[in-house]
Amino acid sequence: MTQRAAIVSALVVLALLVGGRWALGRGPVDTILVEPGPGMPAASASASPDAPPPSPSSTPGHKPPPKSPKPPKGTGPIETRRLTGSKKIALTFDDGPHPVWTPKVLDLLRQTGVKATFCLVGTEVKQYPALVKRIVREGHTLCNHTWHHELDLGTKPEAEIRANLEATNREIRRAVPGAKIKFFRHPGGMWTAAAVKVSRDLGMTALGWDVDPLDWKKPTADAIRTRVINQARPGSIVLLHDGGGDRAATLAACPGIVSELKHKYGIALLR
Ligand SMILES: [Zn+2]
């Protein structure tokens with residue numbers, strides 16, 4: 001009996017080693033491998049294969065999303081709107097529309113009776129115009145987030161910035177004729193004076209934010225919720241993402257965020 005147990009243990013260790021090698025060769029870059037050490041008892045090592053992978057992908061087959069935003073650099077003297085102008089808080093969702101996450105975010109907002117602002121990427125609008133229609137139909141606000149999430153757009157000549165923003169607005173209005181697009185948000189918050197000027201010329205307010213839980217870095221839902229609640233103050237504009245990647249954690253954080261912010265400050269649409 002003890003001999004059989006020893007053989008089973010040896011097989012488990014062998015399986016882990018082989019499994020680990022296999023995962024090492026093909027796993028995603030951020031896969032954390034737990035390989036049993038020489039002295040590790042088989043009993044504790046056998047717990048690891050059943051653990052879920054660190055970052056499961058829930059969007060198989062979806063094309064690569066636009067680049068994730070980078071943290072804002074030097075806000076400087078450039079004027080962007082960072083507060084709502086009242087006690088109430090505004091929620092903003094960037095980088096969509098996304099075929100998986102945007103409908104789920106919209107469902108949640110509808111269930112909780114909350115309106116938000118969606119900062120849309122032109123190339124995604126072109127692919128998923130029905131989602132833009134739904135965003136508008138359900139009373140949310142639209143924001144231009146460039147044609148293809150160009151982080152350096154603000155550094156380009158004014159004519160190029162203008163052409164980019166106009167193309168994005170055109171695509172949004174192709175989905176929803178006559179749609180009002182009140183805001184422009186520069187990708188990554190990498191504003192320049194030229195980007196602010198052009199967006200103003202086109203009738204859009206430069207939309208910043210006050211609360212950033214860095215959800216695009218894929219922290220846990222708990223971390224996202226806690227960061228938002230801790231950073232929020234009267235009039236905060238909250239930056240979240242419904243596109244650009246797997247937003248399961250953001251979505252999971254949203255019910256807690258919405259109920260807490262609603263209770264403490266109220267949530268209002270940006271005007
Ligand atoms: Zn973005």
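Worth saying up front: this structure is predicted, and the values here are computed from it rather than measured.

1. Focus: the overall build of the chain
Piece 1. When its secondary structure is counted, the chain shows nine helices and six strands.
Piece 2. Among the 271 residues that make up the chain, the fraction classed as buried is 37%.
Piece 3. Contacts in the chain between residues far apart in sequence, at least 24 positions, make up 79% of those at least 6 positions apart.

2. Description of the sheet that holds strand β2 (residues 117-120)
Piece 1. A sheet is described by the order of its strands in space; here six strands give the open sequence β5-β4-β3-β2-β1-β6, paired in parallel fashion. At either end of the open sheet lies a strand with only one pairing partner, and these are β5 (205-206) and β6 (237-241).
Piece 2. When strand β1 (residues 90-96) meets β2, the two strands line up parallel, connected through four bridges. Its bridge partner being in β2, D94 is matched across the sheet by C119.
Piece 3. Sheet contacts for helix α6 (residues 158-175): β2, β3 (141-144) and β4 (183-184); angle to β3, the most-contacted strand, approximately 150 degrees.

3. With respect to the pairing of β1
Side chains on a regular strand alternate between the two faces of the sheet.
Piece 1. Taken across its seven residues, β1 has seven buried, putting it largely inside the fold.
Piece 2. As paired elements, β1 and β6 share five bridges and run parallel to each other. What sits directly across from F93, in β6, is L240.
Piece 3. Crossover handedness for the path β1 to helix α3 (residues 101-112) to β2: right-handed.

4. Points about the pairing of β2
Piece 1. Here β2 shows a buried face lined by T117 and C119 and a second buried face lined by F118 and L120.
Piece 2. Of the pairings in the sheet, the one linking β2 to β3 comprises four bridges and is parallel in character. The residue bridging T117 from the neighbouring strand is T141, located in β3.

5. Points about the packing of α3 against helix α9 (residues 248-264)
Piece 1. At a minimum axis distance of 10 Å, the contact between α3 and α9 shows a crossing angle of 20 degrees. With respect to their mutual orientation, α3 and α9 come out roughly parallel. Along this stretch, α3 crosses α9, giving a crossing that reads as right-handed. Listed contacts from α9 to W101, K104, V105, L108 and T112 of α3 are L251, C254, P255 and V258.
Piece 2. In terms of residue class, the contact of α3 with α9 is made up of seven nonpolar, one polar and one charged.

6. Details of the packing of helix α8 (residues 221-231) against α9
Piece 1. Direction vectors running N to C along α8 and α9 enclose 35 degrees, while the axes themselves pass 8 Å from each other. The chirality of how α8 crosses α9 is right-handed. Residues A221, I224, R225, V228 and I229 of α8 touch α9, and the partners they reach there are A249, T250, A252, A253, G256, I257 and E260.
Piece 2. Considered class by class, the residues forming the contact of α8 with α9 number eight nonpolar, two polar and two charged.

7. Topic: the confidence of the model for the chain
Piece 1. The predicted model of the chain averages 80 in pLDDT, with 71% of residues at 70 or higher.
Piece 2. Note that pLDDT drops below 50 for residues 10-65; the model gives that stretch 40 contacts with residues more than four away or on any other chain.

8. Considering unusual backbone geometry
Piece 1. For the peptide bond that leads from G96 to P97, omega is 5 degrees, which places it in the cis range.
Piece 2. Positionally, P97 belongs in the loop between β1 and α3.

9. Some remarks on the environment of V125
Piece 1. Relative to the elements of secondary structure, V125 occurs in helix α4 (residues 122-127).
Piece 2. Counting along the chain gives 27 residues from V125 to H98, while the straight-line C-alpha distance between them is 8.9 Å.

10. With respect to the environment of N144
Piece 1. By secondary structure assignment, the location of N144 is in strand β3.
Piece 2. You can call N144 buried: it has 28 C-beta atoms within 10 Å.
Piece 3. Each C-alpha atom of the pair N144 and N169 lies 6.8 Å from the other, and the pair is 25 residues apart in sequence.
Piece 4. Beyond its immediate chain neighbours, meaning those up to four positions away, N144 contacts L120, L165, T168, N169, I181, F184 and M204.

11. Quick word on α8
In an α-helix, one turn spans 3.6 residues; hence positions three or four apart end up facing the same way.
Piece 1. Within α8 the residues assigned to the buried category are I224, R225 and V228. All buried residues of α8 lie within an arc of 95 degrees about the axis, which places them on one face of the element. Exposed residues lying more than 90 degrees from the buried face of α8 are D222 and N230.

12. Description of α6
Piece 1. Helix length check: α6 (18 residues) gives 26 Å between terminal C-alpha atoms against 26 Å at 1.5 Å per residue, within 8%.
Piece 2. Among all positions in α6, only I161, N164, L165, T168, N169, E171, I172 and A175 are buried. Projected down its long axis, α6 shows its buried positions confined to an angular sector of 160 degrees, all on one face. Facing away from the buried surface of α6 by more than 90 degrees, the exposed residues are E158, A159 and R170.
Piece 3. On its buried face, α6 is in contact with β2, α4, α5 (129-137), β3, β4 and α7 (193-201).

What counts and what doesn't
- Residues numbered from 1 in each chain as written.
- Predicted model: local features only at pLDDT ≥ 70, side-chain atom pairs only at ≥ 80, totals over all residues.
- Helix = DSSP H or I, 4+ residues; strand = E, 2+ residues; numbered from the N terminus.
- Buried ≥ 20, exposed ≤ 12 C-beta atoms within 10 Å, placed from the backbone.
- Contact = placed C-beta atoms within 7 Å.
- Pairing = 2+ DSSP bridges.
- Axes fitted to C-alpha atoms, helices over the stretch in contact; angles between N-to-C directions.
- Right-handed = clockwise from strand over helix to strand, strands pointing away.
- Parallel < 35°, antiparallel > 145°, perpendicular 65-115°, else oblique.
- Left-handed = near helix turned anticlockwise from the far one by under 90°.
- Nonpolar A, V, L, I, M, F, W, Y, C, P; charged D, E, K, R; others polar.
- pLDDT = per-residue confidence, 0-100.
- Arc of directions from axis to C-beta.
- Expected span 1.5 Å × (residues − 1).

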